[in-house]
Amino acid sequence: MALNSAVSQALDIQLAVGAESSRRVGIHAAALVGKGAAALLVCDPFIAQSGLAAGTMESLADAGFDFETFTDIQSDPLAAQVDRAAEQARRIGAQVIVGIGGGSALDVAKLAAATAAGDAPSSAYACMDRPIPDRTLPIIAVPTTAGTGSEVTRTTVYTLDSGAKVWAWGEALRPKVAVLDPILTMGLPPFLTAATGIDAMVHAIEACTNNRRPNPSADGWAHEAIALVAEWLPVALARPDDLEAREALQRAALLAGAAIDSCGTAIAHALGHALGAIGHIHHGRAVGLCLRVALPGNIAAAPDRHAAVAQAMGTGLETLAEAYDVFLRSSGIEIGLEKDGLGTADLDRLTRATLEPANRPMIEPNCRKLSDRDVADLAEALLRAA
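Here's a quick rundown of the structure. This is a predicted model, so every value here is computed, not measured.

This part is about the sheet that holds strand 8 (residues 177–180). Overall, parallel pairing links the 6 strands, which are arranged 1-8-5-4-2-3 in an open sheet. Where the open sheet ends on each side, the last strands, each with one partner, are strand 1 (14–17) and strand 3 (66–70). Here the strands of the sheet are splayed against their neighbours by 15° on average, with no regard to which way each runs. For strand 4 (residues 96–101) and strand 5 (residues 139–143), the ladder comprises 5 bridges, and the chain directions are parallel. Its bridge partner lying in strand 5, V98 is registered against I140. Sheet contacts for helix 2 (residues 25–33): strand 1, strand 4, strand 5 and strand 8; angle to strand 5, the most-contacted strand, approximately 165°.

If you want it as C-alpha cells, here you go:
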C-alpha cells in the first residue's frame, strides 16, 4: 500500500481502503463537518435499489447526519441532473456531499458540490469557461466500480443540453476522502468489470506516454496501475468474488486516476468521448477500442515510454500492440461496432465530434502529433475494426 500512501500525501486526500470501509463513511463525514450536519447522498438508482448503499446510509445515520438521497443519474450524466442535485443540496442545507457509485455518480456529486456553493449553473464550468469556485462543499467519494479514478481527480465529465460531452476542472473538485470498499464491486457483471478495468489501464497508459507534463511520480503510479490491471483483471473475471482481485483493481483505478490528474490523457480519450457521444458506447470500452487503433503509431512515436508500458504488461515493445489487442479480446470486450449500429457511414460525424474544441486538449499532448487527417484515419480504423 506504499503507493496509495504516496498518492494520499501528494494529492492531500484521505484514503480508506478495505472490506467494509464504506460502513465508516459517517465517521469520515463527521471529521469533516461535525456530527449532526445535513448531508446529500448522491447515487445512481441501481445503487440505491440494490442495497449497496445501505452500509453507507447506516453509517451516516449512526453519526447523526440528517441526509437525503439524490438518484436522478444516468450514464454520461447531464448538466441538468447536476443542477438538480445542487439545488437539493442547497434546499436541505447540506454541509457535505457523499457520492457512491460509478464514475457518473461521482462526477455528479463532485460538480454538484461546486455548483451548490457557486452562483452559476453547472454548464458555466464546461471546459473551464468559468473557474470552479474556490470553496465547495466537501466531497466523500465511494466508488462501486474500478476504472474511472474519479474518487481522486479534479475533473468531472458531463453532457450539455446540446449533447456535447464536456469536462470541468478545478482543485475544489477533488474529494476530501476516497473510500475503496472492494465488497461494493463484487456484484459487477463481467462486461462492467472488464470495461472499467480497461478504462483504468488506458488512463495509465495515456498518462505516462503523452507529452503534457513528464512526471516521474505519476509515471510510477501509472506503471503500477498497468501491472495491477494486467495481473488482476483476468482473476476478477474468472473469480468475481475474489476480494484480493477486486481490491487490486480498485487500487489500480486510484493510481491511474492520480496519474491522469497529474499528466492528463490523450487521443484515446478524445476519440473515446466522441464515440460515447454519438454511439452511447460505454466509456471504458470506448477508450479501450480507441487506444487499440492509436497504439501502433504512438509506439513508433515514443518507443522508450511504451517500452515501460510493455514491461508493466509483461511483454516486449515489439509485441505491445498485439498483446494489448489480445488482452482486450480476452477480457470480453467486443471490438467491432456493427452491433452498436455504427459503421463507416458515421465517419464524418465521428471525426467532427472528435475534433470539437472540448476534445482538443486531449489530442494536442498525444505523443504522436496528429493532424485532422490523422484523426480521421484513426476514426476510420475504429469503425472498420472487427
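Moving on, we come to the pairing of strand 2 (residues 38–43). Burial analysis of strand 2 places 6 of its 6 residues in the buried class, the great majority of the element. What you see with strand 2 is no split at all: A38, L40 and V42 on one side and A39, L41 and C43 on the other are buried throughout. As paired elements, strand 2 and strand 4 share 5 bridges and run parallel to each other. Across the sheet, C43 pairs through a bridge with I100, a residue of strand 4.

Rules used throughout
Residues numbered from 1 in each chain as written. Predicted model: local features only at pLDDT ≥ 70, side-chain atom pairs only at ≥ 80, totals over all residues. Heavy atoms only, no water. Pairing = 2+ DSSP bridges. Helix = DSSP H or I, 4+ residues; strand = E, 2+ residues; numbered from the N terminus. Axes fitted to C-alpha atoms, helices over the stretch in contact; angles between N-to-C directions. Contact = heavy atoms within 4.5 Å. Buried < 20%, exposed > 50% of the residue type's maximum accessible area, 1.4 Å probe, protein only.

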